Every structure is written in structure tokens, then in C-alpha cells.
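# Working through the structure, step by step
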Amino acid sequence: MRKTILTALLFAGFTALNAAPPAGQWKSMNWKNTAVSYEKGTLNLEIKQAQKFHGGAVLAILKPEPDKTFVFSAEVTSREPEVAYLSVKLYKGKKEIQRINSPQNPSEKPAALSVKFQTKDADRIELLIRTIQIPDTVGTKVTVRKLDLKPAEGNVR
């Protein structure tokens, strides 16, 4: 019960431990290059243009509780292998202090991806669904289901 309440308060973008975030919370990192929509528990991304850096969708979490360990996970599907992955960025002030990435989706089949991270003394966290945006991937669609954020097992303060 305490873990559920902690997660609900700490990560207000998620309505419950096993529920996807509400529509409007996830935003495109660059709306000209990546289309992002959310409907019926599914986050949909489409690569519109190639760009120098990886694109995708982002959900910002402000003022996380310090020194807690969490797991961010999702099921990622795309017809193109190695085009999407999960990422977590931790910030202190305006400076990025840590970035943790999952492996990329290995095939066109649904892939369970996850990132385990500790909040440390971060004052902002970004959860990201990242896409590889090169000329060969333009037009590629990525479907993300089972978005989840929960305390890691054995989480102690």
C-alpha cells in the first residue's frame, strides 16, 4: 500500500502503478520530426523526419523523492528492429546529472524493455521513449504499451 501511494504522489503523470499515463502528459521531443499520440492505453510515435539526435516522446517528473530506486518499463513494438528504446534522464538544477538507457527493440516483435534508476538528489526526471531518426527510419511507427513505473524490489531508504 505504501509503495502505491508513494508512486502515485511521486510520479503524478501515472494514474496507478500498472496504468499508462493520461493523454496530454507525454510530449513529442520535436513535433516537426516525431508525431506522438496517446489513446486507449497506447502511446504511438511516428518518425516524420531524420534529425541529428534521437527523437521520441518525453514525460517530465518534478521534485522526485531523493534516494529511491525505480523501474521504468514498457512493451515496445515496431516493424523496424533497433529503432526504439527507453531512457531516463536525471537533472539537478538545469544540468543533466545522469542518463540510463535500455537496449533497443531487438526485432519487429513486441519487446519488454526496462530501465532501473535511483533518484539520487535529482530535482527533475525525464522518462523518454527514444527513436533513432535517420533517413532509413522515416515513416517508421512505434507502439508503446504497458507503460509502468514502480519502486524497485528491495527499495530501502
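Above this text is the structure in question.
To keep things clear, this report deals only with the structure shown in the data block.

The rules behind the values
Residues numbered from 1 in each chain as written. Predicted model: local features only at pLDDT ≥ 70, side-chain atom pairs only at ≥ 80, totals over all residues. Heavy atoms only, no water. Phe/Tyr/Trp six-rings, centres within 6.5 Å; stacked < 30°, edge-to-face > 60°. Helix = DSSP H or I, 4+ residues; strand = E, 2+ residues; numbered from the N terminus. Buried < 20%, exposed > 50% of the residue type's maximum accessible area, 1.4 Å probe, protein only. Pairing = 2+ DSSP bridges. Axes fitted to C-alpha atoms, helices over the stretch in contact; angles between N-to-C directions.

The tally for this structure, following the rule as stated, stands at two aromatic pairs. Ring geometry for Trp26 versus Phe72: centroids 6.4 Å apart, planes at 25 degrees, classification stacked. Here Trp26, found in the loop between helix H1 (2-10) and strand S1 (27-28), pairs with Phe72, found in strand S5 (residues 69-78); they are 46 residues apart in sequence, far enough to count as distant. For the pair formed by Trp26 and Phe72, the shared burial category is buried.

What follows deals with unusual backbone geometry. Although it is not a glycine, Lys120 sits at a positive phi angle of roughly 50 degrees. Within the secondary structure, Lys120 is located in the loop between strand S8 (111-118) and strand S9 (124-131). In this structure, Lys146 is a non-glycine residue whose phi angle is positive, near 55 degrees. For Lys146, the position within the fold is in strand S10 (residues 141-151). By relative accessible area, Lys146 is classed as exposed at 60%.

Before going further, it helps to examine the sheet that holds strand S3 (residues 42-47). Strand order in the open sheet formed by five strands is S2-S3-S10-S5-S8, with antiparallel pairing between adjacent strands. On the outer flanks of this sheet lie strand S2 (34-39) and S8, each paired with one strand and no other. Taken over all neighbouring pairs, the strand axes of this sheet differ in orientation by 25 degrees on average, direction set aside. Where S5 lies against S8, eight bridges are found, and the strand directions are antiparallel. Its bridge partner being in S8, Val71 is matched across the sheet by Lys116.

Sheet topology places strand S6 (residues 84-92) next to strand S7 (residues 95-101); six bridges connect them, and they run antiparallel. If you follow Lys89 over to S7, its bridge partner there is Arg99. Following S6, the chain reverses through two residues before pairing antiparallel with S7; Gly93 in that reversal takes a positive phi of roughly 65 degrees.

Attention now moves to the sheet that holds S9. Reading across from one edge, S1-S4-S9-S6-S7 is the order of the five strands in this open sheet, with antiparallel pairing throughout. Looking at which strands have only one partner, the edges of the open sheet turn out to be S1 and S7.

None of this, on its own, says anything about what the molecule does.
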